[in-house]
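Report on the structure
Given next are the chains, with one letter for each unit.
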Amino acid sequence: MERRGAGLAALGALGRRLLWALPAYAAGLLGLGAGALVLALALYAGWRRRRRARERGMRLAARLQRDEEAAVRAAAAGLGAARGELPAWVSFPDVERAEWLNKVLAQAWPFFGQYMEKLLVENIAPSIRASNTHLQTFTFTKVDMGEKPLRVLGVRAHPGTHKKQILLDLNISYVGDVQIDVEVKKFFCKAGVKGMQLHGMLRIILEPLLGDVPIVGALTMFFIRRPILDINWTGMTNLLDIPGLSSMSDTMIMDAISSYLVLPNRLLVPLVPDLHEAAQLRCPLPRGVVRVHLRGARDLRSKDRFMGGLVEGKSDPYTVLRVGTQVVTSRVINDNLNPTWDEVYEFIVHEVPGQEMEVELFDKDPDQDDLLGRMKLDFVEVLKARVLDKWFPLQEGGQGRLHLRLEWLSLMSDASKLDQVLERNRTIVAKPDPPSAAILVVYLDRAEDLPMKKPGKEPNPIVQVSVQDVTRESKVVYNTSAPVWEDAFRFFLHDPVNQDVDIQVKDDPRQSSLGSLSLPLARLLDAPELTLDQPFQLQHSGPGSRLYMKLVLRVLFLDAPEDSGPPHTPSGQPDPPATTGGTHRPTHASPDPQFGTEHVLRIHLLEAENLIAKDNFFKGVVRGRSDPYAKVRVAGRVFRSRVVKEDLNPRWNEVYEAIVDNVPGQDVEFDLFDKDIDKDDFLGRCKVPLRRVLSSRIVDEWLPLEEVKSGRLHVRLENLAPSPSAALLEQVLHTNSLLQPARGEELSAALLSIFVDQAADLPLRKGSKPPTAFASLAVRDVSVKTKTCTPSAEPVWDEGFSFLIKRPHVESLELQVKEEGGQPLGALSLPLPQLLASEGLALDGWFPLAGGGPGSQILLRAQLGVLVSQQVEVGAGSVSLAGEDAAPQPAEVPGEECGTGGLRQRLLPADSHPEPVEGPLGRLQLTLWYYGEERKLVAIVHACRKLRAVSKELPDPYVSLVLLPDRSRSTKRKTSVQKKTLNPDFNERFEWDVSLEEASRRKLEAHVKSTLSFMSREKEVLGKIHLDLAQVDLSEGGTHWYELRDERSSP
């Protein structure tokens, strides 16, 4: 079949070539001359050019629409906050607004302008005049920082690499009306700056933290990525005519300023004198080194066209890789849409997360190179995977993929594995340079007693540090024999055993030698922690000339399984399937460190007291009550309680659950309202800091209502931390069934966390186009979906989700991978019992997708955490009423009304008495036990049955409880009112703060009452029970039916 297809393709190509000769044949057949033929070709070429221009315009319009859509989506996702496109009240979990800081900057900006004017005139200008003989008449004629201050759009805090470090990321934006004018009178030149823009992410490191004022030793500032910088120059043409500056251009100045602000360059501001760590803070040891194997590309776009676009050629691709200020360029591959480079480059990585690699592909042209596509990769992905070998889709180029292998090389402070590293490097065929085995950092501090070449004239020392053919140069320190540089340099070492570091101290600008030093690097290999920190005697210098330096060597070790690298895939063929040994897909998902750290907040909305009466009649002559309900807000979710009619002391006894994380600044907010026909009236609000609940685990208290005259709210907040053990799952389910409120959703027993990493070998659209895929996940009626990836058969999502699980034994996770239009690409059903049977309640790896391609798979991590409350932890002795001897609740008597509260969900102790024969007044079901962990007496009023109607109308019953002998308000409790029923269900819980000894001396009296009318406060007593708690085993607890007695009967 392949040979037949190749033959047909060759015949088709030959036919297209013959068609070009058809116009000449037709012209000869019709007797037309060569002029007519040329005219026809010119008309055809013009028509085709116009058609191509129209198509290009359509593509540009479509690209503009995609960019606009991407910008809108970015703004909705929180990225738009970087440009101030969102209002001040919008905030995001990981980025905090800094409006207070902007107000401080606005207030201090005029004084900052005065400082800058003094700095430029008194310090910067003399330095500029001394740096060049052509600039001896340089002056600042005007310095005005304008009225528009720098703005901080957001602040994000990161945990430092150690305890003495604080990391802050400031999203800054400066669109200023600054005006700075300069003049060089010798050349009659005037120039300046009138307006400047700067946008980017500025990282500030507070380090070291001290135990004394000012607490912080120094501030280090830098941009992780190249910021957006735009300066409106004035008089640049005249300025660039000055000798010594004529080789510069506006673009070069822009690049120089931007590069100065980007890693590895740092601005250090010491806050304490004599800071010994200044050089190390200015240039700390890198986090690691990333070795990039630039393998090749495939299916690139053709950019070379001839004869006005009539003949389509190929491209001459090359690649530019950029990490901050580190930029490398590959060689050019001529006339190839599937180039192979096989080049190796190494980049120093300073900040993770934060730093990323930018890759751009260009078509080499004589005039301006055409962009073939670009991609970005955050190094945190390489750090997680250690070895990342895959085809990356190119963006902004329309088509094509780039094959990269990235290796994270850790820095080792001992030479134990140096031989292993050197042996592995010998097997790597690397171009243009051999692979590195180590990295050397030279901290250049100061020198002393340098010789003076001319008597009475101090030198201008400069230091040159060289390793092989790489030389770094320090700044010049003018007119001193004891210079202080506080500088640092980094070198890659291919063979530290046989290499030397050479140092030359010279006098600038004559470049005459002031001393030299040659140090074998093998000496570092024998030093503790591969570090030398000492003064070095300079050779060919003065007798007391010393150079103070610190040299640090680190071995570059690849902490990953050895492999031979992926085989090259021929152009035009699909990538090898995941089952072949040649691929290097990760075997496990690589979630964010914050994955699976969520907690579950269980909110018990119990009751309120002394609420304000908002319902008034006859223009306030008759005061009514209120119909209160509550709104609960936490972690982006809003819960609303039921409305309690005509009650200023409502009882809700409702439970809500929300998934929360430990992000500072979150609150659990409660708003109370009076339900009205038109607009609901405000009854007050209160809040509890979420961090307080997470730290203390349980908060149970009365909260005073704010912004109103009276009222308070009783809430109980529980922090449930997921436990990766199924040992207590049955106890959790039993306790949840016992404490299940009458209204609301079933209590959750576990938390399911899912991290969707990536998919592989998804089916292609229409046989050849990769799909634009997303994944949807569902548990019961809760569903979420990932972002939609760019067209790829191997999309990468890297997203995590969490679900509340009610019954882990019967529920399952349903996952579907779909195309953007909704067409299914594969599905996965993961029963949660499979997780319960796995070690650590977690599964991590590749799962086959049903209904997809033959090799379609998805990489994910699923982990289950059982929600163990304090009631469960104390065991069956004090909380579990039934323990393991629980028996089913007796069946309801036929013909009885069964409420929606769900008595069948309650588990009764084995020694509970069966339902007694109905008394004349009915019966009450009650649970009593003592909660020893919190020193509370707990009562649950479940239900009443067969109450006696005292009139033709059905009663509105409720139950009031009082703990005798004290009849004060603090000992009284009552349930909500159930309308028009003889068989009400309550399932409401009440607590009293008493000791077990005191509870045993008390008596509990419960009255079943009914309200008579709306306008009357009189209550009708339907029956009562009187219990001596000394006769009840409160430590074990029990649920019983009690016969109601007449109110007039004695206890």
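Predicted, not measured: the structure shown is a model, and the values here were computed from it.

Procedures and definitions
- Residues numbered from 1 in each chain as written.
- Predicted model: local features only at pLDDT ≥ 70, side-chain atom pairs only at ≥ 80, totals over all residues.
- Heavy atoms only, no water.
- Salt bridge = Lys/Arg side-chain N within 4 Å of Asp/Glu carboxyl O.
- Helix = DSSP H or I, 4+ residues; strand = E, 2+ residues; numbered from the N terminus.
- Buried < 20%, exposed > 50% of the residue type's maximum accessible area, 1.4 Å probe, protein only.
- Pairing = 2+ DSSP bridges.
- Axes fitted to C-alpha atoms, helices over the stretch in contact; angles between N-to-C directions.
- 1 Å grid on protein atoms, 1.4 Å probe; cavity = no way out; pocket = protein on both sides within 12 Å on 5 of 7 lines; lining within 4 Å.
- Points joined across faces, edges and corners; volume = space filled by probe spheres on them.
- Domains from an automatic or database assignment.
- UniProt positions renumbered as here; feature names shortened; annotations may be inferred.
- Core = buried A, V, L, I, M, F, W, Y, C linked by side-chain atoms within 4.5 Å.
- Contact = heavy atoms within 4.5 Å.
- Phe/Tyr/Trp six-rings, centres within 6.5 Å; stacked < 30°, edge-to-face > 60°.
- Lys NZ or Arg CZ within 6 Å of the ring centre and 35° of its normal.

What follows deals with the pattern of salt bridges. Across all of its chains, the model carries 41 salt bridges by this definition. Residue Arg426 is joined to Glu423 by a salt bridge in which the shortest nitrogen-to-oxygen separation is 2.9 Å. Placement of both Arg426 and Glu423 in helix α8 (residues 418–426) is noted, with a separation of 3 residues, approximately one turn of the helix. A relative accessible area of 49% places Glu423 in the partly exposed class.

In this section: the sheet that holds strand β47 (residues 957–964). A sheet is described by the order of its strands in space; here 4 strands give the open sequence β48-β47-β50-β51, paired in antiparallel fashion. At either margin of the open sheet sits one strand with a lone partner, and together these are β48 (972–974) and β51 (1019–1028). Strand-to-strand, the axes of this sheet are offset by a mean angle of 20°, without reference to chain direction. Sheet topology places strand β50 (residues 1003–1011) next to β51; 9 bridges connect them, and they run antiparallel. For His1007, the partnering residue across the bridge sits in β51 and is Lys1024.

A few words on empty space enclosed by the protein. Under the criterion given, the structure shown has 5 cavities of 30 Å³ or more. Estimates place the volume of the second largest cavity at around 60 Å³. Around the second largest cavity, the lining residues are Ile224, Arg225, Arg226, Arg322, Val323, Gly324, Gln355, Glu356 and Glu358. Contributing elements (two or more residues each) for the lining of the second largest cavity: β11 (317–323) and β14 (356–363). Two domains each provide a minimum of three residues to the lining of the second largest cavity, namely domain 1 (99–275) and domain 2 (298–408).

Further remarks concern the UniProt feature "transmembrane region" (unreviewed entry) in the chain. Under the present numbering, the feature "transmembrane region" (unreviewed entry) in UniProt falls on residues 25–47 and 204–224. Here residues 204–224 is 0% helix and 43% strand, with 10 Å between the C-alpha atoms at its ends.

Among the nonpolar cores identified, the biggest contains 39 residues, and Leu440, Val501, Leu547, Met549 and Leu551 are the most heavily contacted of them. One finds Ile754, Leu813, Leu828 and Ile858 within the second-largest nonpolar core, a separate group that totals 38 residues.

So, on to the environment of Ser302. By secondary structure assignment, the location of Ser302 is in the loop between β8 (288–298) and β9 (305–306). Separated by 35 residues in sequence, Ser302 and Leu337 place their C-alpha atoms 6.9 Å apart.

As a further point, take the environment of Arg1001. Tracing the sequence through the fold places Arg1001 in the loop between α14 (996–1000) and β50. Taking relative accessible area as the criterion, Arg1001 reaches 61% and is therefore assigned exposed. Distance from Arg1001 to Asp1028, taken between C-alpha atoms, is 8.0 Å for residues 27 residues apart in sequence.

Looking now at the environment of Cys789. If you trace the backbone, Cys789 turns up in the loop between β39 (782–785) and β40 (796–805). A C-alpha to C-alpha distance of 9.8 Å links Cys789 and Ala775, two positions 14 residues apart in sequence. Other than its neighbours up to four places away in sequence, Cys789 contacts Thr772, Ala773, Pro795, Val796 and Trp797.

This brings us to the packing of aromatic side chains. One pass over the full model with this rule turns up 7 aromatic pairs. Taking 5.7 Å as the distance between ring centres and 25° as the angle between the ring planes, the aromatic pair formed by Tyr318 and Phe362 counts as stacked. Of this pair, Tyr318 sits in strand β11 while Phe362 sits in strand β14, and the two are 44 residues apart along the sequence. Comparing Tyr318 with Phe362 shows no difference in burial state: the two are buried. Residues Phe639 and Tyr656 carry aromatic rings whose centres are separated by 5.2 Å and whose planes lie at 20° to one another, so their mutual orientation is stacked. You can see Phe639 sitting in strand β30 (residues 637–640) and its partner Tyr656 sitting in strand β31 (residues 651–660), a full 17 residues away along the chain. With a relative accessible area of 10%, Phe639 lands in the buried category. An aromatic cluster of at least three residues, connected via ring pairs, comprises Trp109, Phe112 and Tyr174. One cation-aromatic arrangement involves Arg472 over Phe491; the distance from NZ or CZ to the ring centre is 5.3 Å. One residue, Lys631, lies across the ring of Phe673, its end atom 5.6 Å from the ring centre.

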